[in-house]
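Reading the structure
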Amino acid sequence: MDGYNAFRPRGDTMLIVGSTTGPNASQAGGPAAGDVAYLIANMGSNDAYVGYGPSSGVAAANSAVPLIGTNVACIPVPGRQQRIVTLSPALFFAATTPSSQSPVTITPGDGV
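Residues numbered from 1 in each chain as written. Predicted model: local features only at pLDDT ≥ 70, side-chain atom pairs only at ≥ 80, totals over all residues. Heavy atoms only, no water.

Some thoughts on the overall build of the chain
- A count of helical and extended segments in the chain gives one helix and nine strands.
- Shown N-terminal to C-terminal, the secondary structure of the chain runs as helices and strands in the order β-β-β-β-β-α-β-β-β-β.
- Its C-alpha atoms give the chain a radius of gyration of 13 Å, near enough to 13 Å, the size a compact globule of 112 residues would have.
- Dimensions of the chain along its principal axes, counting C-alpha atoms only, are 40 × 25 × 25 Å.
- Of all 112 residues assigned to the chain, the portion counted as buried reaches 40%.
- Taking the contacts inside the chain whose residues are at least 6 apart along the sequence as the reference set, 85% of them involve residues at least 24 apart.
- About 6,100 Å² of surface is accessible on the chain, with carbon and sulfur atoms providing 51% of the total.
- Placing the 4 positive and 5 negative side-chain charges of the chain at their respective mean positions leaves the two points 6 Å apart. (Helix = DSSP H or I, 4+ residues; strand = E, 2+ residues; numbered from the N terminus. Rg over C-alpha atoms; globule rule 2.2 N^0.38 Å. Buried < 20%, exposed > 50% of the residue type's maximum accessible area, 1.4 Å probe, protein only. Contact = heavy atoms within 4.5 Å. Areas by Shrake-Rupley, 256 points an atom, 1.4 Å probe, with all protein chains shown as cover. Lys, Arg positive; Asp, Glu negative; His and termini not counted. Charge placed at Lys NZ, Arg CZ, Asp CG, Glu CD.)

Brief notes about the side chain of T96
- Inspection of the secondary structure puts T96 in strand β8 (residues 92-96).
- Given the relative accessible area of 8%, T96 is considered buried.
- In terms of polar contacts, T96 uses its side chain to reach the side chain of S63, at 2.7 Å.
- Residues in contact with T96, not counting those within four places in the same chain, are G18, S19, P23, D47, A48, Y49, S63, A64 and V65. (Polar contact = N/O pair within 3.5 Å; in protein donor to acceptor, adjacent residues only side chain to side chain.)

Structural notes on the environment of P103
- Position of P103 among the secondary structure elements: in strand β9 (residues 102-110).
- For the pair P103 and V65, spaced 38 residues apart in the sequence, the C-alpha separation amounts to 16 Å.
- Those residues within four positions of P103 in sequence are excluded, and the remaining contacts are L15, I16, V17, A41, N42, M43 and G44.

Take a look at the structure:
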């Protein structure tokens, strides 16, 4: 396909742990300018709701399990699945799970 490239890492992979209580946010590395594709991989069996933002507080606040009738600025990643999303550079990420814990990796890069 013209115009589409396979995902290519452009920074170190980081690990965050999604849990039911107070997520801790970490800042992703990678390019400092332009759009960045982030490969978000849920390595555990529990669904993870990944929040992101320009600060650790925003990322943690956006990392919430949605309830019926509410809007949450998060990326749902089912257990043992992955997503590639294109966002701003140098973002913070945090994850929340509806039960137990789940390791989630974030890799910055390019492509789909």
